[in-house]
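The primary structure of each chain is shown beneath.
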Amino acid sequence: MKLRAAPSACPSLWRWLPCPPAELRLDLVLSSGQSFRWWESSPGAWTGVLGGRVWTLRQDGDRLWYTVYGEEEEHQEERDERPAKAAKLSAAESERILRDYFQLDVGLSPLYRAWGAADPLFRKVANDFPGVRVLRQDPVECLFSFICTSNNHISRITAMIERLCQAFGRRLCCLDSRPFHAFPSLSALTGPPPPRCCHCRIAMASPAPTQCLCRAPPRSCSVPTSARARSQPAASIRPERAEAGTAMGVGSSRDTPGGTET
């Protein structure tokens, strides 16, 4: 399947939603180390996996453009092992997924003004970093990614997560010879390892990653994220890492995780 770099190539396969750069900057958010499933596939275009599908995103003025790729046909032996393909997304469902992932219903400009009024240092640097927001990620994927982050840098974490998805996740499609896989389900991670995982080479910061995953809080949780993370720290994860992981996993707009990993 061919990678679609811009709406001009296949206009009928692209959609857009209004989103000014002050509310979201893809280049700052998707490369920040929150998520490790995105790469800049061409200048200004970001391709990655979200919600079990492969997307390409790009910004043009006040528009956030997006295109979603369909799943490829599997070989017969893969079809017998894999779950059924996801149904094709409607325009409304696609927009809902993006709004939820980027938390676009939370206005960022008023927050920037409030933070700038309260913090002179933030006010000094805010103009250089507009549109930076916390992603609302899948709790299992987010927490498992954070388990891999201890004493690692972004490029190595990205490679670790990619190998994990290739070993345990469902193959979605191949774009310009590059395969894309969904993040594995919890049952896949806790079940018998597939034969191809012998080359996974993932060094975990925790000796019991499945215990950590089983304690990921549901998105419907009404307890404030930071309080829940402190009262029920995930097994074998440092408290600050568990707190940041759960905050990003449940999409709390009341907590702003911070860190120094680069």
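Refer to the preceding data block for the structure.
Procedures and definitions
- Residues numbered from 1 in each chain as written.
- Predicted model: local features only at pLDDT ≥ 70, side-chain atom pairs only at ≥ 80, totals over all residues.
- Heavy atoms only, no water.
- Pairing = 2+ DSSP bridges.
- Helix = DSSP H or I, 4+ residues; strand = E, 2+ residues; numbered from the N terminus.
- Axes fitted to C-alpha atoms, helices over the stretch in contact; angles between N-to-C directions.
- Expected span 1.5 Å × (residues − 1).
- Buried < 20%, exposed > 50% of the residue type's maximum accessible area, 1.4 Å probe, protein only.
- Arc of directions from axis to C-beta.
- Contact = heavy atoms within 4.5 Å.
- Polar contact = N/O pair within 3.5 Å; in protein donor to acceptor, adjacent residues only side chain to side chain.
- Patch = residues over 30% accessible without salt bridge, like charges linked within 9 Å, V, L, I, M, F, W, Y side chains within 5 Å.
- Areas by Shrake-Rupley, 256 points an atom, 1.4 Å probe, with all protein chains shown as cover.
- Salt bridge = Lys/Arg side-chain N within 4 Å of Asp/Glu carboxyl O.

In this section: the sheet that holds strand β1 (residues 15–18). Spatially, 5 strands are ordered β1-β5-β4-β3-β2 in an open sheet, and the strand pairing comes out antiparallel. Both edges of this open sheet fall to β1 and β2 (38–42), since each of them pairs with a single strand only. Strand-to-strand twist of the sheet, defined as the mean angle between neighbouring strand axes without regard to direction, takes the value 30°. Relative to strand β4 (residues 53–60), strand β3 (residues 45–50) is paired through 6 bridges, and the arrangement is antiparallel. Of the residues in β4, the one forming a bridge with Gly-48 is Trp-55.

On to helix α7 (residues 154–168). Helix length check: α7 (15 residues) gives 21 Å between terminal C-alpha atoms against 21 Å at 1.5 Å per residue, within 8%. Inspection of α7 places Ile-157, Met-160, Ile-161, Leu-164, Cys-165, Ala-167 and Phe-168 among the buried residues, and these make up the whole buried set. Seen from one end, α7 has its buried residues packed into an arc of 165°, which puts them on one side. Residues of α7 that are buried make contact with α6 (139–147), β7 (178–181) and α8 (186–190).

Turning to α6, a few remarks are in order. Buried residues dominate α6, accounting for 9 of its 9 residues. You can read the cap of α6 off the contacts: a side-chain oxygen lies 3.2 Å from the backbone nitrogen of Val-140, and it is on Asp-138.

A surface patch of nonpolar side chains, amounting to about 340 Å² of accessible area, comprises Leu-121, Val-125, Phe-129 and Val-132. Relative to the assigned elements, Val-132 resides in the loop between α5 (120–125) and α6. Taking relative accessible area as the criterion, Val-132 reaches 32% and is therefore assigned partly exposed.

Looking at where Ser-145 falls in the secondary structure, it is placed in helix α6. Polar contacts involving the side chain of Ser-145 include one to the main-chain carbonyl oxygen of Glu-141, which spans 2.7 Å. Discounting residues that sit within four places of it in the chain, Ser-145 has contacts with Phe-36, Ile-157 and Ile-161.

This part takes up the pattern of salt bridges. A full pass over the atoms with the stated rule returns 8 salt bridges. A salt bridge links Asp-27 to Arg-25; the shortest N-O distance between them is 2.8 Å. Since its relative accessible area comes to 32%, Asp-27 is described here as partly exposed. The partly exposed category is assigned to Arg-25, whose relative accessible area is 24%.

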